[in-house]
Amino acid sequence: MSAVNEAKSGVLGAIGNTPLLRLKHASAETGCEILGKAEFLNPGMSVKDRPALNMILEAERRGQLKPGGLIVEGTAGNTGIGLALVANARGYRTRIVMPNTQSQEKVAFLKACGAEVVQVPAKPFSDPQQYQHVARRIAEELAEEEPAGVLFADQWNNLDNRAAHYSTTGPEIWEQTGGAVDGFICAVGTGGTLGGVSTYLRQQKAGVTIGCADPAGAAMYHFFTSGEAKATEGGSVAEGIGLGRSTVIVEDVSVDVAWTIPDAEFMPVLFDLVAREGLLLGASAALNVAGAIRLARELGPGHTIVTILCDSGARYQSKLFNPEFLRGKGFDVPSWLED
Ligand code: PMP
């Protein structure tokens, strides 16, 4: 095959088909095969490139996006980054609304890509000033004046988000494990990953065990165990996860096990992944690996457990890998970061 035939179709062709990495330390500790899907290797360095691509392509197919059109989204940052990259490659602009509590690296990345970034104070979802509501209003207002129209991506209510994982992440995991996957576990931001992957895997293998690893302060633990979307106590440093309500994406999702995994449990895993595996990842990836370790203990030795390595630690150097930030939050500073 010629080099040209091998060439991917630009950034769009570089999204997905990520490697599945064996985590040797977690595997050795549990006697299971613990495998992480390397989503930080996507062009936008996160798992959200996949839904960003699918939401845009499906909107194009439905005639909701015209050349030069504007895409508006509320996001903790990663979906915005995926949207900005795909939008640039397809000839659209982006306006991204984020709470001002998210890492400066994500904001800088978005601005570097030419996205217009609107940062708003962090508020509970019940407050009309919360970023997701602000994004919706901005999209509605701009629809009146934008000549090529506005797409509100609306990832929490957009089933094209979950479909991206049903049609790509799930099948890749199935193929990469040769069907040997016994368990899958991850955290929920919108639930697109958990919903899409779990639905696909269960269709291939009814007995696969699905788990939800929830950060403190989120409502998915209670939602999946009792049906009531009630938040647990406390909070988490993990960005991009922690859903507080039922949505169209999660309402028909079910799991076999759900746990709230406190920061104190996954922060050592975050640093262990750096020191023993050479993987510099974000906090949600560490929480997922901590969840995979719990699931491995639950299922017992000899099982194959897959989780998601959602994004890169480069995205959080000013926080998770900054001794001052860590001390301020009461976390141990790893020896190599001591100043
Ligand atoms: N980890 C990070 C860092 C994220 O940004 C997100 C998405 N917001 C997730 C995990 C969760 O993905 P999902 O929206 O598919 O639940």
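As a starting point, this report considers the structure included with it. Worth saying up front: this structure is predicted, and the values here are computed from it rather than measured.

The rules behind each value
- In this numbering scheme, every chain counts its residues from 1 along its sequence in written order.
- Thresholds applied to this predicted model are a pLDDT of at least 70 for local features of residues and 80 or more for the giving and counting of side-chain atom pairs; totals over whole chains, interfaces and linings are not thresholded and use all residues.
- Hydrogen atoms and water are omitted, and side-chain values are computed over all heavy atoms in the structure.
- In this text, helices come from DSSP runs of H or I with a minimum length of four residues, and strands from runs of E with a minimum of two, each type numbered from the N-terminal end.
- Computation of the radius of gyration draws on C-alpha atoms alone. For the globule rule, the value is 2.2 Å times the number of residues to the power 0.38.
- Three labels apply to residues, based on accessible area from a 1.4 Å probe with only protein chains included: buried if under 20% of the type maximum, exposed if over 50%, partly exposed otherwise in between.
- Whether two residues are in contact is decided by their heavy atoms, any of which lying within 4.5 Å being enough.
- Think of it this way: Lys and Arg go in the positive column, Asp and Glu in the negative one, and His and the chain ends go nowhere.
- Working definition for charges: the position is that of NZ of Lys, CZ of Arg, CG of Asp or CD of Glu.
- Strands are treated as partners if at least two bridges between them are detected by DSSP.
- Structural elements are reduced to axes, namely lines fitted to C-alpha atoms, with helices fitted over the stretch in contact, and the angle between N-to-C directions of any two is expressed from 0 to 180 degrees.

### A short note on the overall build of the protein
Here is step 1 of the chain: A count of helical and extended segments in the protein gives 13 helices and ten strands.
Here is step 2 of the chain: Computed over the C-alpha atoms, the radius of gyration of the protein is 19 Å, within 12% of the 20 Å expected from 2.2 N^0.38 for a compact globule of 339 residues.
Here is step 3 of the chain: In the protein, which comprises 339 residues, the proportion classed as buried is 58%.
Here is step 4 of the chain: Taking the intrachain contacts of the protein between residues at least 6 apart in sequence as the baseline, contacts between residues at least 24 apart amount to 70%.
Here is step 5 of the chain: For the protein, the distance from the average position of its 29 positive side-chain charges to the average position of its 38 negative side-chain charges is 2 Å.

### A closer look at the sheet that holds strand 8 (residues 209-215)
The strands making up a sheet are joined through hydrogen bonds of the backbone, oriented either antiparallel or parallel.
Here is step 1 of the chain: In spatial order, the strands read 1-2-10-7-8-9; together these six strands make up an open sheet with mixed pairing. Lying at the two open borders of the sheet, with one neighbouring strand each, are strand 1 (20-22) and strand 9 (257-261). For this sheet the average axis-to-axis angle between neighbouring strands, irrespective of direction, equals 25°.
Here is step 2 of the chain: When strand 7 (residues 183-186) meets strand 10 (residues 304-309), the two strands line up parallel, connected through two bridges.

### So, the side chain of threonine 193
Here is step 1 of the chain: With respect to the helices and strands, threonine 193 occurs in helix 9 (residues 192-204).
Here is step 2 of the chain: Classification of threonine 193 as buried rests on a relative accessible area of 12%.
Here is step 3 of the chain: Apart from residues no more than four positions distant in its own chain, threonine 193 is found in contact with Val47, His165, Cys186, Ser198 and Ile308.

### Quick notes on the sheet that holds strand 3 (residues 70-74)
Here is step 1 of the chain: Read across the sheet, four strands follow the order 5-4-3-6 without closing on themselves; strand pairing throughout is parallel. Looking along the sheet, the strands with just one partner apiece sit at the ends: strand 5 (116-120) and strand 6 (150-152). In this sheet, adjacent strand axes meet at a mean angle of 20° when their direction is disregarded.
Here is step 2 of the chain: Sheet topology places strand 3 next to strand 6; three bridges connect them, and they run parallel.

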